[in-house]
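Notes for the structure review
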Amino acid sequence: MNLNIVEYPDKKLKEKSLKVELFNEELHTLLDGMYNVMINSNGIGLAAIQVAHAKRVLILSIPDEEGEQNREDLIEMINPLITKKSGESVYQEGCLSVPSFYEDIVRYESISVNYQDRDGNTQKIEADGLLSIAIQHEMDHLEGILFIDRLSYSRRKKFEKEYKRMQKEKKSSKI
Ligand code: Y12
Ligand code: CO
């Protein structure tokens, strides 16, 4: 499967993703393709809409204590739903769809999530720390929300200016 990362300001990223009903080979091919794209791009999380598939699918590969991303630790979430949330934490987030930009975002500290795995089995996870933040970031993508949508008016204005400048520089360096 040939997958490419969709980058802001592409309107595709604003789409609300649809519930997955079929846990078939097509879904497994998408999940495997997403894993390759995420790892090759140095990412730790990716939602299907970031590779132009509007499905409620996300993957997470949180580095271990040695900073290694192990395939066995990969979490695949289909149709995730937050059932419990508490506390507050701030983390400097980044997103493969908004390259080279990082900002502090407030999220819930701890969450419980019900989801389905690639075979349609129901799973439950309790998360805090980086995993909790990453799940919330990726679940936002399923609603068409980017982390930059959570910035204050003034920080968002600053971002738009910087991002436009960076895109111009990128374009001119390609010529
Ligand atoms: C905490 C906060 C946000 C998440 C969501 C997942 N985000 C990522 O995986 C972001 C990855 C990323 C990778 C980049 O590439 C390199 O570092 C080489 C990057 O830099 C550029 O695009 C130049 C930006 C973001 C999970 C947990
Ligand atoms: Co993202």
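Residues numbered from 1 in each chain as written. Chains lettered and ligands numbered in written order. Predicted model: local features only at pLDDT ≥ 70, side-chain atom pairs only at ≥ 80, totals over all residues. Heavy atoms only, no water.

For the rest of this paragraph, the subject is the side chain of Glu103. The topology assignment puts Glu103 in strand E5 (residues 98-107). Those residues in contact with Glu103 that sit more than four places away from it in its chain are Tyr91, Gln92, Glu93, Phe147, Leu151 and Arg155. (Helix = DSSP H or I, 4+ residues; strand = E, 2+ residues; numbered from the N terminus. Contact = heavy atoms within 4.5 Å.)

Moving on to the pairing of strand E4 (residues 89-95). Here 6 bridges tie E4 to E5, and the two strands are oriented antiparallel to one another. For Ser89, the partnering residue across the bridge sits in E5 and is Arg107. In this antiparallel pair of consecutive strands, E4 and E5, the connection spans 2 residues. (Pairing = 2+ DSSP bridges.)

In the vicinity of ligand 1 lie 18 residues, with Ile44, Gly94, Ser100, Tyr102 and Glu138 positioned nearest. Here an oxygen atom of ligand 1 sits 3.4 Å away from a polar atom, N or O, in the main chain of Gly45. Tyr102 is positioned with one of its side-chain polar atoms (N or O) 3.1 Å from an oxygen atom of ligand 1. Out of a free accessible area of 620 Å², ligand 1 has 76% covered by protein chains. Of all the elements in the fold, those that place two or more residues in the shell around ligand 1 are E4, E5 and helix H2 (129-142). Per element, the largest residue contribution to the shell around ligand 1 is 5 residues, and it comes from H2. Its residues assigned to classes, the shell around ligand 1 shows 9 nonpolar, 7 polar and 2 charged. (Near = heavy atom within 4 Å. Polar contact = N/O pair within 3.5 Å; in protein donor to acceptor, adjacent residues only side chain to side chain. Areas by Shrake-Rupley, 256 points an atom, 1.4 Å probe, with all protein chains shown as cover. Nonpolar A, V, L, I, M, F, W, Y, C, P; charged D, E, K, R; others polar.)

With that out of the way, let us pick up the nonpolar core. Membership of the largest hydrophobic core comes to 17 residues, with the highest contact counts inside it found for Leu60, Met77, Val113, Ile125 and Ile135. When residues of this core are traced back to their parent elements, those giving at least two are strand E2 (57-60), strand E3 (75-86), strand E6 (110-116), strand E7 (122-127) and H2. The biggest single contributor to this core is H2, with 5 residues. If sequence neighbours within four positions are ignored, Leu60 has contacts with Ile44, Gly45, Asp73, Leu74, Ile75, Met77, Leu131, Ala134, Ile135 and Glu138. In terms of nonpolar packing, the next biggest core, distinct from the first, is built from 16 residues, Leu27, Leu30, Tyr35 and Leu46 among them. (Core = buried A, V, L, I, M, F, W, Y, C linked by side-chain atoms within 4.5 Å. Buried < 20%, exposed > 50% of the residue type's maximum accessible area, 1.4 Å probe, protein only.)

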